[in-house]
Amino acid sequence: QVQLVESGGGLVQAGGSLRLSCAASGRTFSNYVMGWFRQAPGKEREFVASITWSGGYTAYADSVKGRFTISRDTAKNTVYLQMNSLKPEDTAVYYCATRSRTSSLYNYWGQGTQVTVSS
């Protein structure tokens, strides 16, 4: 059974940095895409970034380009989201998710980790 466990959230001042981690287990992920999403209070969940497990191809939402970096450590089966120059509007619950490269549906999700950016 696929399990995704996020960690690394917390409270940080505007302009600061955090690194989120997502430990994945339960299958071989070589043909999968790992994604980060976020949901702020009263708002819909939105895409943040993604990376292909094989090849490391990345994609970012325009709102985080140049500030966030997604990466993966295949030996540790872990995906990271390095978040720099954080803004109060980045405050949200951040979720890790995964999907097959042949599907557009993210069908496995972690429990989420809270990121709060104070002004």
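Keep in mind that what you see is a predicted model, and the values were worked out from it rather than measured.

About the cut-offs
Residues numbered from 1 in each chain as written. Predicted model: local features only at pLDDT ≥ 70, side-chain atom pairs only at ≥ 80, totals over all residues. Heavy atoms only, no water. Phe/Tyr/Trp six-rings, centres within 6.5 Å; stacked < 30°, edge-to-face > 60°. Helix = DSSP H or I, 4+ residues; strand = E, 2+ residues; numbered from the N terminus. Buried < 20%, exposed > 50% of the residue type's maximum accessible area, 1.4 Å probe, protein only. Lys NZ or Arg CZ within 6 Å of the ring centre and 35° of its normal. Contact = heavy atoms within 4.5 Å. Pairing = 2+ DSSP bridges. Axes fitted to C-alpha atoms, helices over the stretch in contact; angles between N-to-C directions. Polar contact = N/O pair within 3.5 Å; in protein donor to acceptor, adjacent residues only side chain to side chain.

A. Local environment of the packing of aromatic side chains. Inspection of every chain in the model, using the stated rule, returns 6 aromatic pairs. With a centroid separation of 5.7 Å and an interplanar angle of 75°, the aromatic rings of Phe37 and Phe47 are classed as edge-to-face. Remark: Phe47 occurs in strand β5 (residues 46-52) and Phe37 occurs in strand β4 (residues 32-39); sequence separation between them is 10 residues. Accessibility expressed as a relative area gives 10% for Phe37, which makes it buried. With a relative accessible area of 30%, Phe47 lands in the partly exposed category. Ring geometry for Phe37 versus Trp109: centroids 4.9 Å apart, planes at 55°, classification tilted. Residue Phe37 is located in strand β4, and its partner Trp109 is located in strand β10 (residues 108-109); the two are separated by 72 residues in the primary sequence. Directly above the ring of Trp109 sits Arg45, whose terminal nitrogen or CZ lies 3.8 Å from the centroid.

B. Just the environment of Pro88, in detail. If you trace the backbone, Pro88 turns up in the loop between β8 (78-83) and β9 (92-100). A relative accessible area of 35% means that Pro88 is categorised as partly exposed. C-alpha separation for the pair Pro88 and Ser118, spaced 30 residues apart in sequence, amounts to 5.7 Å. Dropping the residues within four chain positions of it, Pro88 is found in contact with Ala14, Val117 and Ser119.

C. Structural context of the sheet that holds strand β1 (residues 3-7). Taken in spatial order, the 4 strands make up an open sheet running β1-β3-β8-β7, and their pairing is antiparallel. Single-partner strands in this sheet number two, and they are β1 and β7 (68-73). Here the average twist between neighbouring strands, direction ignored, is 15°. Bridging between β7 and β8 involves 6 bridges; their strand directions are antiparallel. Looking at the pairing, Arg72 lines up with Val79 of β8.

D. The arrangement of the side chain of Arg67 in detail. With respect to the element layout, Arg67 can be found in the loop between β6 (58-60) and β7. Residue Arg67 is classed as buried on the basis of its relative accessible area of 11%. Reaching out from Arg67, the side chain makes a polar contact with the backbone oxygen of Ser85 at a distance of 3.0 Å. In terms of polar contacts, Arg67 uses its side chain to reach the side chain of Asp90, at 2.7 Å.

The values reported here are purely geometric and, on their own, carry no functional implication.
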